[in-house]
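Structural overview for review
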Amino acid sequence: MIVRNLLLACVLATVPLKPCLADELKYHDKDLIYDEAHVPAYDLPPLLVSAEGKPITTAEEWFNLRRPQIMSLLGNLLYGIVPEPESPLKVSVEVVKTDHQFMNGAATRKDVRIRFENAKGKAEMLILVFSPNGSRKAAPALLQLSFSNTRDNGHDADPNRPGLLRNGVPLGEILKRGFGYVAVYQGDLVRHNEVEFLDSIQHLFYRTGQSFPKAYEWGVIAAISWSASRALDYLQSDPDIDARRVAIMGHSKCGKAALWAAAQDQRFALAISAQSGHPGAALSRRKYGETIEKMVTRFPYWLCRNAWKFANNEDDLPVDQHMLLACIAPRPLYVMSGVDDTWADGRGEYLSAYHASAVYRLLGKKGLESEASPQVGEAIIQSDVGYHIREGGHSIEPFDWPKFLEFAEYHLKK
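Residues numbered from 1 in each chain as written. Predicted model: local features only at pLDDT ≥ 70, side-chain atom pairs only at ≥ 80, totals over all residues. Heavy atoms only, no water.

A look at unusual backbone geometry
At the junction of H278 and P279, the peptide bond is cis and its omega measures out at 5° in the coordinates. Following the sequence through the fold, P279 ends up in the loop between β7 (270–274) and α8 (292–298). Note that the residue after A329, namely P330, is joined by a cis bond; omega there is 5°. Its location among the elements puts P330 in the loop between α9 (321–326) and β8 (333–338). One non-glycine residue, M103, lies in positive phi territory at about 50°. Note on M103: relative accessible area 15%, which makes it buried. You will see that N312, though not glycine, has its phi angle at about 65°, which is positive. Along the chain, N312 falls in the loop between α8 and α9. (Helix = DSSP H or I, 4+ residues; strand = E, 2+ residues; numbered from the N terminus. Buried < 20%, exposed > 50% of the residue type's maximum accessible area, 1.4 Å probe, protein only.)

Okay, here's the thing in structure tokens:
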């Protein structure tokens, strides 16, 4: 199986890939399950039982025993851990441009360059910070892991659509609700479908003689997650943004990275997953739509190499995605799905959030109460675990943004 995966990876690495692949892949993957009647029976690994078989009944046991076990498994077997660099990493920050009159004076835009350098080399990322003008105190913010390059004009105000950026982000509405907005480009520190890691952030962390991440070390998704935390490092020094009230969000691949970032970095106050599929919000054991095998053949290094062992062997993986979502607790979590986005498995995303809710309840929070998915177009907002599924496919639509903002308002502006 591993040999076959390697051969497929070599072939597919030469094919240009779009960031959002749901519609294309649905019609080319006839071997996948897209019918609930064909979903196999499965048993989820126990969430509230330790590796030693001890029932977890208190918050202390969760945080001191079970959660560290789960995070270690997720890190070593799926996403890859970030190693300590052999050469100390020097980080420098520069605000390269400030526009106090962005969007007709509604916002201040800062272009912020973050550089990383050591004896192994250098790398940099450019984040954009939009803060509402006229606010008397630091604003909460949405930090989006974005497919839009922060160096092009996608984050300029759209002259033909008032209130929108050129890439469709409703910045006007975000500002109106008292939020800032932070854009972190997913391709700054690692390429979309990196297969060599010669110029990515990973090479700054190599040991002597190392030229590729080890089997348990970080892949593409974990590198994007790492970049989100470095952006949050900067926000802690920005007087216009309240770094204690930053919600991280992402769609598709970036939704996967947003969830992993939120699980690892408990400074993020809230997490939003938009159609993240697997290994994002959706349960892997359902084998519906996106699977581990498809992940490690099409995108061989989005995860760490250890993940390849579980292609077509999901039941051998000692974790599933409800455990990732549970590791975000007690911080609020919102999951979004689309009816036609069968690749991302909306039902599996909901079930994952539902099963993760056991930990939210253990910690005195409100989780999803019913195993049945809500009606299409119905949003669960007043809960620490929120959810909606809407008509349509693999994208963020005008319907979705107000729900994200309502959920963030409910929790971050109390």
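Picking up where we left off.
Observations concerning the pairing of β7
When you tally the buried positions in β7, you get five out of five residues, the bulk of the element. Of the strand pairs in this sheet, strand β6 (residues 241–251) and β7 are connected by five bridges, and their pairing is parallel. Paired with G250 across the strands is S273, a residue of β7. This β-α-β element, β6 to helix α7 (residues 253–264) to β7, shows right-handed connectivity. Of the strand pairs in this sheet, β7 and β8 are connected by four bridges, and their pairing is parallel. Note that in β8 the partner of S273 across the bridge is V335. (Pairing = 2+ DSSP bridges. Right-handed = clockwise from strand over helix to strand, strands pointing away.)

Some thoughts on the state of the cysteines
In the structure shown here, the tally under the stated rule is zero disulfides. In this model C304 remains outside any disulfide bridge; the closest cysteine sulfur is found in C327, 16 Å from its own. Accessibility expressed as a relative area gives 1% for C304, which makes it buried. (Disulfide = S-S within 2.5 Å.)

Structural notes on empty space enclosed by the protein
Think of a ball as big as a water molecule: rolled over the atoms, this probe shows where empty space is left. Taken as a whole and judged by the stated rule, the model has four cavities of 30 Å³ or more. What lines the second largest cavity is simply F197, F212, P213, K214, E217, W218, G219, Y301, L303, C304 and R305. Partitioning the lining of the second largest cavity into residue classes produces seven nonpolar, one polar and three charged. (1 Å grid on protein atoms, 1.4 Å probe; cavity = no way out; pocket = protein on both sides within 12 Å on 5 of 7 lines; lining within 4 Å. Points joined across faces, edges and corners; volume = space filled by probe spheres on them. Nonpolar A, V, L, I, M, F, W, Y, C, P; charged D, E, K, R; others polar.)

Some details on the confidence of the model for the chain
With 93% of its residues at a pLDDT of 70 or more, the chain shows a mean pLDDT of 93. Taken as a whole, residues 1–27 scores under 50 in pLDDT and shows 41 contacts with residues more than four places along the chain or in a different chain. (pLDDT = per-residue confidence, 0-100. Contact = heavy atoms within 4.5 Å.)

With respect to the environment of A353
As for its position among the elements, A353 is in helix α10 (residues 346–362). Spatially, the C-alpha atoms of A353 and R109 are 35 Å apart, while their sequence positions differ by 244 residues. With residues near it in sequence (within four places) discarded, A353 still touches L325, V335, L368 and V385.

So, the pattern of salt bridges
Following the criterion strictly, the structure yields 29 salt bridges and no others. Its salt-bridge partner being E124, residue R151 comes within 3.3 Å of it at the nearest N-O pair. One end of the pair, R151, is in the loop between β4 (139–146) and α5 (171–176); the other, E124, is in strand β3 (residues 121–132), with 27 residues separating them in the sequence. Assessed through its relative accessible area of 42%, R151 is described here as partly exposed. The salt bridge partner of D320 is R285, with a shortest N-O separation of 3.2 Å. One end of the pair, D320, is in the loop between α8 and α9; the other, R285, is in the loop between β7 and α8, and 35 residues separate them in sequence. For the pair shown, D320 and R285 are each scored as buried. When salt bridges that share partners are traced, they join E94, R113, R115, E124, R151 and D188 into one network. (Salt bridge = Lys/Arg side-chain N within 4 Å of Asp/Glu carboxyl O.)

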